[in-house]
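Working through the structure, step by step
This is what each chain is made of:
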Amino acid sequence: MTIAANVPHLSADIRHNWTSDEVQQLFSMPFNDLLFKAQTVHRQYFDPNEVQVSTLLSIKTGACPEDCKYCPQSARYDTGLEKERLLEIEKVIERAKEAKATGSTRFCMGAAWRNPRERDMPYVTKMVEEVKKLGLETCMTLGMLSREQAIALKQAGLDYYNHNLDTSPEFYGDIITTRTYDDRLNTLQNVRDAGMNVCSGGIVGMGESASDRAGLLIQLANLPEHPQSVPINMLVKVEGTPLDNVDDLEPFEFIRTIAIARIMMPASHVRLSAGRENMNEQMQALCFMAGANSIFYGCKLLTTSNPDTHEDVLLFKKLGINAERTRDFSDEAHEQALQEEIAAQPSAADLFYDATATKTPSVTEV
Ligand code: SF4
């Protein structure tokens, strides 16, 4: 049997009409066939040896009124988390500079809010403006956004807005009751309409079924536009949250979810997100093989831990992976690019020959 015959009728086209049957079929494929397909699709859209690197900073921690059962930042669960007020802009800039120095190209700022209040908007828009000046891509996750707030963030220069769908619509009510699935879809719509890139994914390992994992990916892939970034998180169980004792997800099932996200959203960055600290190097390598091409650098992911930057650098070295570069939008970078362009221009002497000169250059002299 040929390889193609082993792989169901799939192409790497951008599609928005995935059916449940098709995705279930993908989940049932032999592991090696699935990884081969995912890697093939990945290579059509990306350099397989490049991974985009982001840093995530919590700009306001804890005391969130929402009841997301996985989250230590919800005010409803006693997790011993220390609350923090909105960080000062100077501190955010400092952390963004550190992130840039360690190779991050995108700086994500997260606040534990149901939604930003109007009085918070001048601060968060200022943060975006300042981080942007450093030449970093900017991303925020602040909860639900109105149309006007999305426009204000876009105007401040925000490149990405993160708002996860978390899980399938069917399982959603078991995890969150304080906002609806439609609320989330509306925020994504507002972000898209404002012209920002969407970062949206979910969490697996929360006790959901395989069809819920398929359902989440179908929701994401069948959006009017694929999210440009798709974080796939493995639940980090935090003591005090209702999901503290949920059964572990089989690691191969996690890798399959990454591979299927890659196949269904071929041009999106699929981010190997929370839970990476509990994955050994081999598992992370398989996730990259399955098409993950984005990670968070830095020892903290909002409130849960993440591998040390040093370990990530070593892993990249072992795997021959390079950090994806991004365009530097800062004034200094622009000035430098301009200077380089001017320096590269041929001089007048290179462009014209002196017709008054008596000697015509011979072929060997040119
Ligand atoms: S996930 Fe976000 S919205 Fe939900 S409780 Fe945590 S901080 Fe609040």
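Residues numbered from 1 in each chain as written. Predicted model: local features only at pLDDT ≥ 70, side-chain atom pairs only at ≥ 80, totals over all residues.

**Some thoughts on the overall build of the protein chain**
On a plain count of helices and strands, the protein chain comes out with 14 helices and 12 strands. Split into buried and exposed, the 366 residues of the protein chain put 42% on the buried side. Looking at the protein chain alone, contacts between residues at least 24 apart form 80% of all its contacts between residues at least 6 apart. (Helix = DSSP H or I, 4+ residues; strand = E, 2+ residues; numbered from the N terminus. Buried ≥ 20, exposed ≤ 12 C-beta atoms within 10 Å, placed from the backbone. Contact = placed C-beta atoms within 7 Å.)

**A look at helix α3 (residues 31–45)**
Here α3 is 15 residues long and its end C-alpha atoms lie 22 Å apart, about the 21 Å a rise of 1.5 Å per residue gives. Where α3 is concerned, the buried positions are Leu34, Leu35, Lys37, Ala38, Val41 and His42. An end-on view of α3 places all buried positions within 160 degrees of arc, on one side of the element. Turned more than 90 degrees away from the buried face of α3 sit Asn32, Arg43 and Gln44, all of them exposed. Elements that come into contact with the buried residues of α3 comprise α2 (20–27), α10 (251–264) and α11 (281–289). (Expected span 1.5 Å × (residues − 1). Arc of directions from axis to C-beta.)

**Digging into the environment of Arg43**
For Arg43, the location among the structural elements is in helix α3. Given 12 C-beta atoms within 10 Å, Arg43 falls into the exposed group. A C-alpha to C-alpha distance of 8.7 Å links Arg43 and Gly291, two positions 248 residues apart in sequence.

**Focus: unusual backbone geometry**
One non-glycine residue, Ala63, adopts positive backbone phi at about 60 degrees. Within the element layout of this structure, Ala63 appears in the loop between β1 (50–60) and α4 (89–101). One non-glycine residue with positive phi stands out, namely Asp166, at about 75 degrees. By the element assignment, Asp166 lies in the loop between β4 (160–162) and α7 (169–175).

**A short note on the confidence of the model for the protein chain**
Averaged over every residue, the pLDDT of the protein chain is 84; residues scoring 70 or more account for 83%. Taken together, the stretch residues 346–366 has pLDDT below 50 and engages in 2 contacts with residues farther than four places along the chain or on a different chain. (pLDDT = per-residue confidence, 0-100.)

**Thoughts on the site of the ligand**
Around the ligand, the surrounding shell consists of Cys64, Glu66, Cys68, Cys71, Gln73, Ser74, Ala112 and Gly143. Grouping the constituent residues of the shell around the ligand by class yields 4 nonpolar, 3 polar and 1 charged. (Near = placed C-beta within 6 Å. Nonpolar A, V, L, I, M, F, W, Y, C, P; charged D, E, K, R; others polar.)

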